Structures are given as C-alpha cells and as structure tokens.
Amino acid sequence: AALNLIRQGIVTPEIKALFSQCIDNGTCPDDYVRLFAANRMADDYNQMRFGKLPQTTPFVKLMGEYIDLRENQDYPITEKDMEKSFEAMRIANGEPMQIGARVLIGMNDEGLAYVNGDTGVVVDIHKTDGGTFSSSSESQIRSIQVGTIEILLDRTQQTVHVPRVERWVKDHKKKQAARVYGFPVKLGWAHSIHKSQGMTLPHAYISLKSIADCFRDEGRHGIAYVGLSRTTSLAGLKIDAWVDEAI
C-alpha cells in the first residue's frame, strides 16, 4: 500500500515513519547494491570501489569488438554509435575487471546457470591459454587474452563461467548491420535506478537525495518507486535519508 501511494507521488506521515526506519547509520554492508538517480553517480561509485581492491592480481580492461556488416558504408559508424550498441547489448567496453570486483551480468546463459540481472563477485579470470589471473605474475593482461570470467553468484552461491559472447545489431529493416563481441559483465557495486528496473535484489541502498537533486519534475516519484521497490522486504532496504522532495 505504501509503495502504491509513492508511485502516485503521495507521502503521508505513516509512509515517512515506515521508510525512516531504513535510514542508514553508516553501517550499510558492502553487499548492498547502491542505486543512484544518474548513471554518472553509479559509475563514479563503481570506479571508487574498484580502486580500493588490493593490487595482488592482474587487472584487465574488457574491450568490445564491433564489426560493420552494412552493404552501404558511405556513412561511417562513429565511436558514439558503437558505444550505444555496446550499451544496448550490455557488452563491456573499456570496463576494468579484477578478482574481487562486484559485478552485474547483462544476459541470460543458455542453460540458465545465470540470468540477466544476476550479481556476484569475480573469483577468478581464466585466460585463453588455460592460465588464470590468480596464478599470474603480470600486473595487466590484454582483453583478448580473457577466455571466461568466473563469478560467485549472490542468488545461488554457485560459481559460473561467463564467456565472451556474440550479439547482432539490426538496422531499421531488421537486417543484420553489425556483429558485436564482448563480455556481458559490468562493475556492479552500484547501478542507476533506471537500469535496475526489473531486478529483484536481496539487499539495496537507495539514494533518495540523488533523486531530489537530479529530478525536478513530477516524474520523480516514479523513479523513487522503482528504487524503493527493488527489494523483497524492508529488512533488505537502506536509504541515505528520507527526502520528501524525492517523491
């Protein structure tokens, strides 16, 4: 009932009291996914957390590959066009990755060992030559040397191997316009609230302050509703503050 009222932009004293119980006192656990109103806020948080990982194993920048298959290539594909395709296909391009990183998987496994939206922690990265990052003495490894990323899933507590995948880009006539290769894995300590739509998270930390800062129109209560409804119960929800202006 409370979430339905928030979806309509209605705040009552009872709603405020209910969600005020979820205000974080500075002890929010690391496995709570942080949800922010803007992509840049989530990206900044992810980069900050990645920078705090111990430098005991190599890191890699996961690069995507874009192959233009159009018959008429008079108009070249720009870097911005390619980046939009990587983003739409949820393929990492320039994403740093290392053992210990918290990640988000962006597509389903054919055998459903993992699904789009699964989160977890990288426990190892396997090279195409059979070696692993955990046994390597190098400080940085090229993306092309990565075979699979081994992840311990939060949902199942099982490890899965996520390989490099192939996706197709189609034009307005539904013809295959390009092939995109890469890893459907991105840093996952934080996401934008918009990208979290459809996810069910066991634990989440929602920044209502970021909603109030980023949205000044009447649609902000919809963003707040999406964020506050990601967890299955209030027990798994933390917020940075109760902000009436976010609703």
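Each value, and the rule that gives it
Residues numbered from 1 in each chain as written. Predicted model: local features only at pLDDT ≥ 70, side-chain atom pairs only at ≥ 80, totals over all residues. Heavy atoms only, no water. Helix = DSSP H or I, 4+ residues; strand = E, 2+ residues; numbered from the N terminus. Rg over C-alpha atoms; globule rule 2.2 N^0.38 Å. Buried < 20%, exposed > 50% of the residue type's maximum accessible area, 1.4 Å probe, protein only. Contact = heavy atoms within 4.5 Å. Areas by Shrake-Rupley, 256 points an atom, 1.4 Å probe, with all protein chains shown as cover. Pairing = 2+ DSSP bridges. Axes fitted to C-alpha atoms, helices over the stretch in contact; angles between N-to-C directions. Salt bridge = Lys/Arg side-chain N within 4 Å of Asp/Glu carboxyl O. Core = buried A, V, L, I, M, F, W, Y, C linked by side-chain atoms within 4.5 Å. Phe/Tyr/Trp six-rings, centres within 6.5 Å; stacked < 30°, edge-to-face > 60°.

(A) Quick look at the overall build of the protein. Regarding its fold elements, the protein presents six helices and 14 strands. In terms of C-alpha radius of gyration, the protein reaches 20 Å, essentially the compact-globule figure of 18 Å for 247 residues. Its C-alpha atoms give the protein principal-axis dimensions of about 60 × 45 × 30 Å. In the protein, buried positions account for 46% of the 247 residues. The long-range share in the protein, meaning contacts at least 24 apart out of those at least 6 apart in sequence, stands at 70%. A total of about 13100 Å² of accessible surface is found on the protein, and carbon and sulfur atoms cover 49% of it.

(B) Examining the pairing of strand β4 (residues 95-98) more closely. Burial of β4 is two-sided: the residues E95 and M97 facing one way and the residues P96 and Q98 facing the other way are all buried. With four bridges joining them, strand β2 (residues 59-62) and β4 adopt antiparallel strand pairing. Each residue of the ladder has a partner; that of F59, found in β4, is Q98.

(C) Geometry of the sheet that holds strand β3 (residues 65-68). Within the open sheet, the three strands sit side by side as β3-β10-β9. Their pairing is antiparallel. Two strands bound the open sheet, and with one partner strand each, they are β3 and β9 (165-170). Direction aside, neighbouring strands of the sheet carry axes that sit 20° apart on average. In this sheet, strand β10 (residues 176-182) lies alongside β3 in antiparallel orientation, the contact comprising four bridges. Residue pairing for β10: D68 is matched across the bridge by A178.

(D) Fine view of the sheet that holds strand β14 (residues 237-239). Pairing is parallel in the open sheet, where four strands are placed in the order β12-β1-β13-β14. Both outer strands of the open sheet, β12 (190-192) and β14, are each paired with one neighbouring strand and no more. Taken over all neighbouring pairs, the strand axes of this sheet differ in orientation by 25° on average, direction set aside. Of the pairings in the sheet, the one linking strand β1 (residues 33-36) to β12 comprises three bridges and is parallel in character. When the sheet's bridge partners are listed, L35 is paired in β12 with H191.

(E) Representation of the pattern of salt bridges within the structure. Applying the stated rule across the entire model yields 11 salt bridges. Residue E65 is joined to R164 by a salt bridge in which the shortest nitrogen-to-oxygen separation is 2.7 Å. Here E65 is found in strand β3, whereas its partner R164 is found in the loop between β8 (159-163) and β9, with 99 residues between them in sequence. On the accessibility criterion, R164 (39% relative accessible area) is partly exposed. Its salt-bridge partner being D68, residue R70 comes within 2.7 Å of it at the nearest N-O pair.

(F) Fine view of the environment of G227. In this fold, G227 is placed in helix α6 (residues 220-228). Considered as a pair, G227 and F59 are 168 residues apart in the sequence and their alpha carbons are 31 Å apart. Residue contacts for G227: discarding those within four places in its chain leaves L35, I193 and I206.

(G) Layout of the nonpolar core. Within the largest apolar cluster, 31 residues are counted, with the highest numbers of intra-cluster contacts made by M97, A101, I149 and I151. Elements represented by at least two residues in this core include exactly α3 (39-51), β2, β5 (102-105), β6 (119-127), β7 (146-153), β8 and β11 (185-187). For M97, the residues in contact, after removing those within four places along its chain, are F50, P58, F59, V60, L62, V103, V122, I125, I149, V185, K186 and L187. Membership of the second largest hydrophobic core comes to 29 residues, among which are L201, I211, V226 and A241.

(H) The packing of aromatic side chains, seen in detail. Enumeration according to the criterion identifies two aromatic pairs in this entry. With a centroid separation of 5.9 Å and an interplanar angle of 20°, the aromatic rings of F19 and W242 are classed as stacked. Note that F19 is positioned in helix α2 (residues 13-20) and W242 in the segment after β14, a separation of 223 residues in sequence. With respect to burial, F19 and W242 carry one shared label: buried. Ring geometry for F36 versus Y45: centroids 5.9 Å apart, planes at 45°, classification tilted. Y45 matches F36 in its accessibility class, with the two residues each being buried.

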